[in-house]
Amino acid sequence: MEDLIDKTNVPRHVAIIMDGNGRWAKKNGSMRVKGHQSGVKSVREVTEIAAEVGVKYLTMYAFSTENWSRPEYEVNALMHLLVSTIRKETRGLQKNNIKLRAIGNLDSLPSVCQKELNEAIKITANNTGLHLILALSYSGRWDIVNACKQLAEDAKSGIINPKDIDNDVFANYLDTKEYPDPELMIRTSGEMRISNFLLWQLAYSELYITETLWPDFNKEEFLKAIIAYQRRERRFGKTSEQLSKIN
Ligand code: FPP
């Protein structure tokens, strides 16, 4: 299936809402936590295939601001899973030249998570391949409000003139400032929502929603999403006719 990919039109940045772990567990007669554990394999597979086809940035919604209100045992299990996964996978990231990064309110994570995450970020800092960006304790509204706070401070102290604020200036205050906007956003489990993910950054992203539950999402499913993306016409508000004149 990889042969069907047009290597000249691979999205630079793919963002993923990994949904359906709980439903997968229920379907398989196990606890929700088992669904999250099984989802780690999909994270690994998708990271590998994304790097292989030439995606440069892969952002995965691993824990949202709203996820803090899940039952305490599930939050704890997710935090443990995060720590153990980072511990286990860092060597693989190194081997595959992958640079680990994170966005979100990282200070709100348990200190053991922060420590493990920061270590892996440091170890992989000089890698030049795929950037794997984990969205942790992240929400789009949090990101925007946080950017506004910093922008207001800079305006107050005269670092920036409010008249100069435009899209680019604003984007530079977001947690994603180092990354281009995603060209493609994938959501598993069939839900037709953005769920407070990258609200600003997804303005012109192509959305691909599949019924497949996250633990069943694999390399082939990822390639299917890329192929669907490559069949889309991205107009950015222009007409088809205008686009064909440019090309
Ligand atoms: C949503 O499924 C999934 C999450 C809230 C967590 C995603 C985490 C992982 C895949 C594992 C950890 C990842 C890393 C990077 C270590 P859900 O629980 O909302 O499923 P449901 O909608 O079927 O209940």
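Residues numbered from 1 in each chain as written. Predicted model: local features only at pLDDT ≥ 70, side-chain atom pairs only at ≥ 80, totals over all residues. Heavy atoms only, no water.

By the definition in use, this model includes eight aromatic pairs. With centroids separated by 5.6 Å and ring planes inclined at 50°, the aromatic side chains of Tyr 204 and Phe 236 adopt a geometry described as tilted. Within this pair, whereas Tyr 204 is found in the loop between strand E5 (184-187) and strand E6 (206-209), its partner Phe 236 is found in the loop between helix H7 (219-230) and helix H8 (240-246), the two being separated by 32 residues in sequence. Since its relative accessible area comes to 46%, Phe 236 is described here as partly exposed. Through a chain of ring-to-ring contacts, three or more aromatic side chains come together here, namely Tyr 61, Tyr 138, Trp 142 and Phe 197. (Phe/Tyr/Trp six-rings, centres within 6.5 Å; stacked < 30°, edge-to-face > 60°. Helix = DSSP H or I, 4+ residues; strand = E, 2+ residues; numbered from the N terminus. Buried < 20%, exposed > 50% of the residue type's maximum accessible area, 1.4 Å probe, protein only.)

This part covers the confidence of the model for the chain. When pLDDT is averaged across the chain, the result is 96; 99% of the residues are at 70 or more. At the level of individual helices and strands, the chain shows its lowest average pLDDT in H8, which scores 79, and its highest in strand E1 (residues 13-17), which scores 99. (pLDDT = per-residue confidence, 0-100.)

Attention now moves to the pairing of E5. Covered by surrounding structure in E5 are Leu 184 and Ile 186 together with Met 185 and Arg 187, the residues of both alternating faces. Relative to E5, E1 is paired through four bridges, and the arrangement is parallel. Opposite Ala 15, over in E5, you have Met 185 as the bridge partner. Here E5 runs beside E6; their pairing, made up of four bridges, is parallel. If you follow Met 185 over to E6, its bridge partner there is Leu 207. (Pairing = 2+ DSSP bridges.)

The environment of the ligand is formed by 17 residues, the closest being Asn 21, Gly 22, Arg 23, Arg 32 and Arg 70. Contact between the ligand and Asn 21: an oxygen atom at 3.1 Å from a main-chain N or O atom of the residue. Contact distances for the ligand include 2.7 Å between an oxygen atom and a backbone N or O atom of Arg 23. When the ligand is considered free in solution it has 630 Å² of accessible area, and contact with the protein chains removes 91% of it. Of all elements in the fold, only helix H1 (21-27), helix H2 (32-53) and helix H3 (72-95) reach the threshold of two or more residues within the shell around the ligand. Of the residues contributing to the shell around the ligand, the split by class is seven nonpolar, six polar and four charged. (Near = heavy atom within 4 Å. Polar contact = N/O pair within 3.5 Å; in protein donor to acceptor, adjacent residues only side chain to side chain. Areas by Shrake-Rupley, 256 points an atom, 1.4 Å probe, with all protein chains shown as cover. Nonpolar A, V, L, I, M, F, W, Y, C, P; charged D, E, K, R; others polar.)

A few words on the nonpolar core. Ranked by size, the top nonpolar core spans 44 residues in total, and within it Val 14, Ile 16, Leu 58, Met 60, Leu 117, Ile 186 and Phe 222 carry the most contacts. Membership of the second largest hydrophobic core comes to 13 residues, among which are Ile 17, Ile 103, Ile 133 and Tyr 138. (Core = buried A, V, L, I, M, F, W, Y, C linked by side-chain atoms within 4.5 Å.)

Peptide bonds are trans in most cases, and residues, glycine excluded, mostly fall at negative phi. For Ser 195, which is not glycine, the phi dihedral falls at a positive 50°. On the secondary structure map, Ser 195 appears in the loop between E5 and E6.

An α-helix turns once every 3.6 residues. As a result, residues three or four positions apart point the same way. With 13 residues, helix H4 (residues 111-123) should cover 18 Å at 1.5 Å per step; its first-to-last C-alpha distance of 18 Å lies within 8% of that length. Every buried residue of H4 is listed here: Cys 113, Glu 116, Leu 117, Ala 120 and Ile 121. Taken around the axis of H4, the buried residues stretch over an arc of 135°, which confines them to a single face. Exposed and facing more than 90 degrees away from the buried side of H4 are Ser 111, Lys 115 and Lys 122. (Expected span 1.5 Å × (residues − 1). Arc of directions from axis to C-beta.)

Here we come to a nonpolar patch on the surface. Judged by side-chain polarity, Ile 194, Leu 199 and Leu 207 come together as a nonpolar surface patch covering roughly 210 Å² of accessible area. Mapping Leu 207 onto the fold places it in strand E6. Residue classification places Leu 207 among the partly exposed residues on the basis of a relative accessible area of 37%. (Patch = residues over 30% accessible without salt bridge, like charges linked within 9 Å, V, L, I, M, F, W, Y side chains within 5 Å. Salt bridge = Lys/Arg side-chain N within 4 Å of Asp/Glu carboxyl O.)

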